[in-house]
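# Structural description and commentary
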Amino acid sequence: MAEAVLVVNDLNFYYNGTVQAVKGLSMTVERHSVTALIGPSGCGKTTFLRCINRMHDLYPGHRYEGEIIFEGSNLLCRKDITALRSRIGMVFQKPTPFPMSIADNIAYGLKLQGIKNRAELADRVEAALKQAALWEEVADRLKQPASGLSGGQQQRLVIARALAVQPDIILFDEPTSALDPISTSKIEELMVELKKDVTIIIVTHNMQQAARISDRTAFMYMGELIEVDATDKMFTNPARQLTEDYITGRFG
Amino acid sequence: MVDNNRQQQWLERIFAATTFLAAFLVLAVIVSIFLSLFRESLPAMEKFGLWGFISATEWDPVGEVFGAATTLYGTLVTTALALIMAIPLSMGIAIFIAELCPPVLRPLIATATELLAAIPSIIYGMWGLFTFAPLMAEYVEPALQRTFGAIPLLGKLFSGVPLGIDILTTSIILSIMITPFIASIARDTFALTPPQLKESAYGIGATRWEVIRDVMIPHAKTGIFGGIIIAMGRALGETMAVAFVLGNRHAIATSLFDASATITVTLANEFTEADSDLYLSALFYLALILLSMNFIVLALAKTVLARSKQG
């Protein structure tokens, strides 16, 4: 088995102190792999995803139990959440370009890290845009507002922005559900390509997408992890009946 | 069946006509106010011209020489100072309510801010004259004078006898009056920032302050600008509160501790004294200038907003 980048042990998560959204979840995420989280709406997969970069901390009433081991320690106990989040990027369903130019969107995270040298910023912006397969399309309009890009381009810009700060992991929360099929396939290709640099965890409602791009798939149901295994095995010969029922579309 | 149809058509027509009438009435009122102000100002216009009226600092009812420069100056200076003080204060309030405030306190502070806008301006005037101005005269202004008075150039702003009835006191009261407008509009636009946009910034390692500065404020800037324009219109036109604390002095003030006069206060004070046709006409001319100024501000604001929507 490949090196683990995240080890989740008996994770419980509560909203408003009492509503339990993740129940006793344990799994391992391998470095340089794509892990897909699937399951019906409300099963807790996005909630789990948002535990990993402590996004829940922005809102009152959250409570974590258990541990998520990252870089040798339980990230649920870390105090330097800002630094943690720069190691673990996030991409959302709808593209979220910042109200600034294309280049500044990418440079923003780098500036936050204290990089001021213009030449270095320009190099890193170019590298990140190339990595996200967007450079060719925007090279001649880096100074224009990011809001002028198409939805698919904006999403790749957001991915480039996440890549620019060189994170270990990028979390994708249904990154293509607001996009057209062509943009979707570009993003899917990109995710497979990015595996060599980062670890990817993706929440998706699209079973074909999970099958196409992921190495491992985790199926969640009502807050619990039902099964996690190699994607090939999950989609052909799952161990649990519930998994098979969901994958074959009998519910969900 | 046919009858019913015809009846419906009639109702439609009556309905459309009623809404048209309502909309037309607004236009008619504005145009007629403009026209009547224009007609009444004609004698003064003929005598002094436009530039001659605006640039002249003399306001001498006895000699029948009228210039708008002093009141225009008083209006613009008090409004500008009020905005300079109110904008940062309002941003602080809006950011606190939208982002930092504990949820329990939020409605309390938000309502208190809005109540500030519900206080009638005469009450601000009374409070200003009887409570705030004496405090300014006794403590704040002497302290300012001791601190900055000796500095060359800057000291000029703090020269004169600190009586409390002056530009500084007026601007502070105006800024308190317009703060709720800017703050509540800014707060509403902050609240419209998509949570995922904020989370994206947090997601690449931004702190709370960085998210506010780099994402929320740029995202809300159109709304904030709109709030500032509304507040500016309010400050330009405020009469009652200013009348109590500005001192009604027709001169170009060079110190913050000088009394001054605004267009609105001059109008409120002097219509009853206007004993000649030219005097009366000059007052109407002032009113026309104030109205035009507000129109220009509004038009500029609309242009800027339209342009920012395109970009």
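Now for a quick tour of the structure. (Residues numbered from 1 in each chain as written. Chains lettered and ligands numbered in written order. Predicted model: local features only at pLDDT ≥ 70, side-chain atom pairs only at ≥ 80, totals over all residues.)

## Focus on the nonpolar core
The biggest cluster of nonpolar side chains holds 144 residues, and the ones touching the most others in it are Leu37, Ala160, Ile200 and Ile202 of chain A together with Ile173, Ile178 and Ile182 of chain B. Looking at which element gives the most residues to this core, the answer is helix H6 (residues 167–191) of chain B, with 14 residues. The contact partners of leucine 37 of chain A, leaving out residues within four places of it in the chain, are Lys45, Phe48, Leu49, Ile201, Ile202, Val203, Ala218 and Met220 of chain A. (Core = buried A, V, L, I, M, F, W, Y, C linked by C-beta atoms within 7 Å. Buried ≥ 20, exposed ≤ 12 C-beta atoms within 10 Å, placed from the backbone. Helix = DSSP H or I, 4+ residues; strand = E, 2+ residues; numbered from the N terminus. Contact = placed C-beta atoms within 7 Å.)

## Section: the sheet that holds strand S10 (residues 224–230) of chain A
Residue and element names in this part refer to chain A. Spatial ordering of the open sheet is given by S6-S7-S8-S3-S9-S10, a layout of six strands whose pairing is mixed. The outermost strands of the open sheet, each flanked by one partner alone, are strand S6 (88–91) and S10. On average, adjacent strands in this sheet sit at an angle of 20° to one another, irrespective of strand direction. Across the sheet, helix H6 (residues 151–164) touches S6 and strand S7 (169–173), and the angle it forms with S6 is around 175°. (Pairing = 2+ DSSP bridges. Axes fitted to C-alpha atoms, helices over the stretch in contact; angles between N-to-C directions.)

## Some words on the interface of chain A and chain B
In this complex, chain A contributes 25 residues to the contact, which on the side of chain B involves 18 residues. Among the secondary structure elements, those contributing two or more residues to the side of chain A that touches chain B are helix H2 (81–87), S6, helix H3 (102–112) and H6 of chain A. For the side of chain A that touches chain B, the leading source of residues is H2 of chain A, giving four residues. Of the residues contributing to the side of chain A that touches chain B, the split by class is 15 nonpolar, seven polar and three charged. (Nonpolar A, V, L, I, M, F, W, Y, C, P; charged D, E, K, R; others polar.)

## Concerning the packing of H3 of chain A against H6 of chain A
All names here are of chain A. Where H3 meets H6, the axes come as close as 8 Å, and the angle between the chain directions of the two elements is 30°. Comparing the axis directions of H3 and H6 gives the class roughly parallel. Note that H3 runs across H6; the crossing there is right-handed. Of H6, the residues touching H3 (which contributes Ile102, Asn105, Ile106, Gly109 and Leu110) are Leu157, Ala160, Arg161 and Ala164. Residue composition of the contact of H3 with H6, grouped by class: six nonpolar, two polar and one charged. (Parallel < 35°, antiparallel > 145°, perpendicular 65-115°, else oblique. Left-handed = near helix turned anticlockwise from the far one by under 90°.)

## A word on the sheet that holds strand S2 (residues 19–30) of chain A
Residue and element names in this part refer to chain A. Across the sheet, which stays open at both edges, the four strands sit in the order S2-S1-S4-S5 with antiparallel pairing between neighbours. The sheet terminates laterally at S2 and strand S5 (73–74), the two strands that pair on one side only. For strand S1 (residues 4–15) and strand S4 (residues 63–70), the ladder comprises six bridges, and the chain directions are antiparallel. Bridged to tyrosine 14 within S4 is arginine 63. Contacts from helix H1 (residues 45–52) reach S1, S2 and S4, with the element oriented near 65° to S2.

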